[in-house]
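Spelled out from the first residue to the last, the chains are:
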Amino acid sequence: MTTPALHSARLTLDPYVPGDEEDFVALFQDERVSRWMGDGPSPEAEDRALFWRVFGVYDRGLFDVWAVRLGGRYVGHAEIKRTDEVRGHEIIYALAPDVWGAGLGRELAETIIGYGFGTLRLGEVHATVAEANTASVTLLGRLGFVHVRDIAEDDGTTTLVLTRTLAGTEATPVPSAG
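In short, a report on the structure. (Residues numbered from 1 in each chain as written. Predicted model: local features only at pLDDT ≥ 70, side-chain atom pairs only at ≥ 80, totals over all residues. Heavy atoms only, no water.)

1. A few points about the packing of helix α1 (residues 21–29) against helix α3 (residues 44–60)
Then step 1. Two elements in contact, α1 and α3, have axes whose closest approach is 9 Å; the angle formed by their N-to-C orientations is 130°. Considering the angle they form, α1 stands oblique to α3. Where α1 crosses over α3, the handedness of that crossing is right-handed. When α1 is examined against α3, the residues E21, E22, F24, V25, F28 and Q29 are found in contact with a partner set consisting of E44, D47, R48, L50, F51 and W52. (Axes fitted to C-alpha atoms, helices over the stretch in contact; angles between N-to-C directions. Helix = DSSP H or I, 4+ residues; strand = E, 2+ residues; numbered from the N terminus. Parallel < 35°, antiparallel > 145°, perpendicular 65-115°, else oblique. Left-handed = near helix turned anticlockwise from the far one by under 90°. Contact = heavy atoms within 4.5 Å.)

2. Some thoughts on the packing of aromatic side chains
Then step 1. Evaluated as defined, the whole model comprises 10 aromatic pairs.
Then step 2. Ring plane angle 90° and centroid distance 5.7 Å describe the contact between Y16 and F51, whose orientation is recorded as edge-to-face. Here Y16, found in the loop between β2 (11–14) and α1, pairs with F51, found in helix α3; they are 35 residues apart in sequence, far enough to count as distant.
Then step 3. Of the residues examined, Y16 reaches a relative accessible area of 4% and is grouped as buried.
Then step 4. Here F51 and W52 contribute two aromatic rings whose centre-to-centre distance is 5.0 Å and whose plane-to-plane angle is 85°, an arrangement assigned as edge-to-face.
Then step 5. Among the aromatic residues, those joined into a ring-pair cluster are Y16, F24, F28, F51, W52, F55, Y58 and Y74. (Phe/Tyr/Trp six-rings, centres within 6.5 Å; stacked < 30°, edge-to-face > 60°. Buried < 20%, exposed > 50% of the residue type's maximum accessible area, 1.4 Å probe, protein only.)

3. As for the pattern of salt bridges
Then step 1. Under the defined criterion, the tally for this structure stands at 10 salt bridges.
Then step 2. In this structure, D14 and R69 form a salt bridge, with 3.0 Å as the shortest nitrogen-oxygen distance. Linking D14 in strand β2 with R69 in strand β3 (residues 64–70), this pair joins segments that are 55 residues apart in sequence.
Then step 3. For R32, the salt bridge identified is with D30, shortest N-O distance 2.7 Å.
Then step 4. Look at the salt bridges and you will find they share partners, linking E21, E22, E44 and R48 into a network. (Salt bridge = Lys/Arg side-chain N within 4 Å of Asp/Glu carboxyl O.)

In structure tokens form, the structure reads like this:
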């Protein structure tokens, strides 16, 4: 399996290259971004190690992971991969704060979802989002994701499992955050 380049109206998603390390680390070190990813901010050394693990993912064909570019400039990160947490394929994405508010989150999510349904022939895709991340919860709700269950985290917070199916679902719609 080779990760293909994807294109939307304004974005290009392509496999990482070694020269992306500094941009990747800067994105993951920005607490406005990392607070919503995984277990939150990590030491820089861990983010650098994570970057180099991406190439092992490519070498073993484990799942698709992309550098996100706007006009050739690195602006984010995206993945679609099978996870036990959602019992299916999960989309993961992050954009640099300097491009927030321009509709790129929607464009990026739609591109990954389209790849999941089209190329990967999935019947559904999932996302896990911190309940407090109202911007992402709202965005995914607008894209047709529905709330299917909660995950109680050790720190007392709640992570929402959201799902979008090709054929629709009987689950509860994601509440609007505003």
